[in-house]
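Structural features, examined
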Amino acid sequence: MKIINFLSSVAMPMVILLIVMYGVKEKNKVFDTFLEGAKEGIKTTLSILPTLIGLFLAIGALRSSGVLELIIKLASPILDMLNFPSELMPLAILRPISGSGSIAVATDIMKNCGVDSLIGNIASVIMGSTETTLYTIAVYTSCIKVKKTRYILLAALAADIAGIIASTVICKMLS
Amino acid sequence: MLNIVWPIFIIISFSYAIFSGNLENLNNSIFVSTNSAITLSIDLLGSMCLWSGIMQIASKTSLIENLTKVLEPALNFLFPKLRENKKIKKEISMNMVANILGLGNAATPLGLKAMKSMQEENNKKDTLSDSMMMFIVINTASIQIIPTTVIAIRSSLGSINPTSIVFPTWIATIIAAIVGITVAKIVIKLTKGEKIK
């Protein structure tokens, strides 16, 4: 348990340290380069803002109107059988489809269930360990105009499902 | 995709609220949700800038190129048909290292370059080759050392320990990648027959 916490907290400082030292070693203008990148960060964040407003509106409406509760209630017998927390179902469904959409849903879940709660942790790990699969496949197949994709979706979605199940099991084991 | 999903969400929840008399909650959430989108963006701004800056430093060094050497044995297992093709293997491994470091902006162009090179070697131009399939599956598995966006969201919501999910995320990612690679290998074997036709 201690080792896991140590590895988790040492990862970020180590990566930053390594990169800065690498930059210094190769005699780059490290700070100028940093500023260049940081400016890009502003652009990226602002560019997802409109999407976030739209999606927060939709997800907030789903929750406050009672529709989300209804859907969760209807799906919970199946989810209970799989031992999967029903609060996470919207995230599991949206994750492969939309990147900013899943950021909005995950934030909503973490806010409502508590960011350090078991559900909050699982939502975080799901976000970190899976990718916007459909988008990735679309980008890479359309750039070379391939039409026959040989069940790639099956393999990619299998990875997503495995990631979601693994996230749930690991967080439950650690809590 | 969101052009379909978004209006469905709005129509269903707004009409449900009107019929079930949940209007007050709905009105509240309309204002709260726009505000929380702004709050989240402002809270994310700091860490997004920090990471973009750090990653910009990384992309200007030879770090990516040096790390690609470590991946060599893994590449030979994943892409047996490219064993002799040094150029494509280098492009693939640069894309993988960029992904691992969380350099999303650098990873996609590198990946597209690798796809184009693989297309040149592809016998059937309208079908994904074995190597392409494996490459895309690895890209969808999101192997990443530091899940920066999640950490940023967690700290913006006041988590006691925003980085506590790093190690669990590694394990989950590795499991997802192993399953994806295994299924891809099976699919590649099973769809061999179709290719000859």
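Per chain, the residues get numbers from 1 upward, laid out in the order the sequence is written. For naming, the first written chain is A and the first written ligand is 1, with later ones following in the order written. Per-residue local features of the predicted model are confined to residues with pLDDT of at least 70, and side-chain atom pairs are confined, for both listing and counting, to 80 or more; whole-chain, interface and lining totals are unaffected and use all residues. As a rule here, side-chain values cover all heavy atoms of the structure and leave hydrogens and water aside.

Looking at a nonpolar patch on the surface
All names here are of chain A. Note the cut-off: Any residue with relative accessible area above 30% and no salt bridge may belong to a patch, with like charges joined within 9 Å and the nonpolar Val, Leu, Ile, Met, Phe, Trp and Tyr side chains within 5 Å. For accessible areas, the Shrake-Rupley method is used with a probe of radius 1.4 Å. Any residue's cover is judged against the shown protein chains and nothing else. Counted as salt bridges are all cases of a side-chain nitrogen of Lys or Arg within 4 Å of a carboxyl oxygen of Asp or Glu. Helix numbering and strand numbering both begin at the N terminus, where a helix is a DSSP run of H or I of at least 4 residues and a strand a DSSP run of E of at least 2. Remark: exposure states derive from per-residue accessible area (1.4 Å probe, protein chains only) relative to the maximum for the residue type, with buried under 20%, exposed over 50%, and partly exposed in between.
Residues I161, I165, V169 and M173 make up a contiguous nonpolar surface patch of about 420 Å² in total accessible area. Looking at the secondary structure, you find M173 in helix α8 (residues 152-174). By relative accessible area, which is 65% here, M173 ends up exposed.

Digging into the side chain of T127 of chain B
Threshold: The criterion used for residue contact is that any of the two residues' heavy atoms lie within 4.5 Å.
As for its placement among the helices and strands, T127 of chain B is situated in the loop between α5 (104-121) and α6 (130-140). Apart from the residues within four sequence positions on either side, T127 of chain B is in contact with V146, K148 and R150 of chain A together with N122 of chain B.

Some remarks on empty space enclosed by the protein
Residue and element names in this part refer to chain B. Condition: A 1.4 Å probe that fits into a set of points on a 1 Å grid over the protein atoms alone but cannot get out defines a cavity; an open set with protein on both sides within 12 Å along at least five of seven lines defines a pocket, and lining residues are those with an atom within 4 Å of a point. Grid points are joined across faces, edges and corners, and a volume is the space filled by probe spheres set on the points.
On inspection of all chains with the given rule, the structure shows 1 cavity of 30 Å³ or more. The volume enclosed by the largest cavity comes to roughly 50 Å³. Lining the largest cavity, in full, are M96, N99, I100, I138, N139 and I143. Only α4 (86-101) and α6 provide two or more residues apiece to the lining of the largest cavity. Counting residues per element, the lining of the largest cavity draws most heavily on α4, at 3 residues.

Focus on unusual backbone geometry
All names here are of chain A. With a phi close to 65°, N83 is a non-glycine residue in the positive phi region. Mapped onto the elements, N83 comes out in the loop between α3 (67-81) and α4 (89-94). Look at N83 and you get exposed, because its relative accessible area is 54%. Located in the positive-phi region is K145, a residue other than glycine, with phi close to 55°. The topology assignment puts K145 in the loop between α7 (133-142) and α8.

Side note on the interface of chain B and chain A
Counted only if it meets this: Once two parts are joined, some of their accessible surface, as seen by a 1.4 Å probe, is lost; buried area is that loss totalled over both. Counting of polar contacts relies on pairs of N or O atoms within 3.5 Å, with two restrictions inside protein: one atom must be capable of donating a hydrogen and the other of accepting it, and residues adjacent in sequence are counted only when both atoms are side-chain atoms. Gly falls in the polar group here, along with every residue not listed as nonpolar (Ala, Val, Leu, Ile, Met, Phe, Trp, Tyr, Cys, Pro) or charged (Asp, Glu, Lys, Arg).
Opposite the 99 residues of chain B that make contact, chain A presents 86 residues. Counting each side, the surface lost to burial between chain B and chain A is near 8,000 Å², with a carbon and sulfur contribution of 76%. Put simply, chain B and chain A have 4 salt bridges between them. In this structure, R154 of chain B and D116 of chain A form a salt bridge, with 3.3 Å as the shortest nitrogen-oxygen distance. For the pair chain B and chain A, the number of links is 24 residue pairs in polar contact (both at pLDDT 80 or more). At the level of secondary structure, the elements contributing two or more residues to the side of chain B that touches chain A comprise α1 (2-20), α2 (23-60), α3 (63-78), α5, α6, α7 (148-156), α8 (166-190) and α9 (192-196) of chain B. With 25 residues, the top contributor of residues to the side of chain B that touches chain A is α2 of chain B. Along the lines of polarity and charge, the residues of the side of chain B that touches chain A split into 57 nonpolar, 34 polar and 8 charged.

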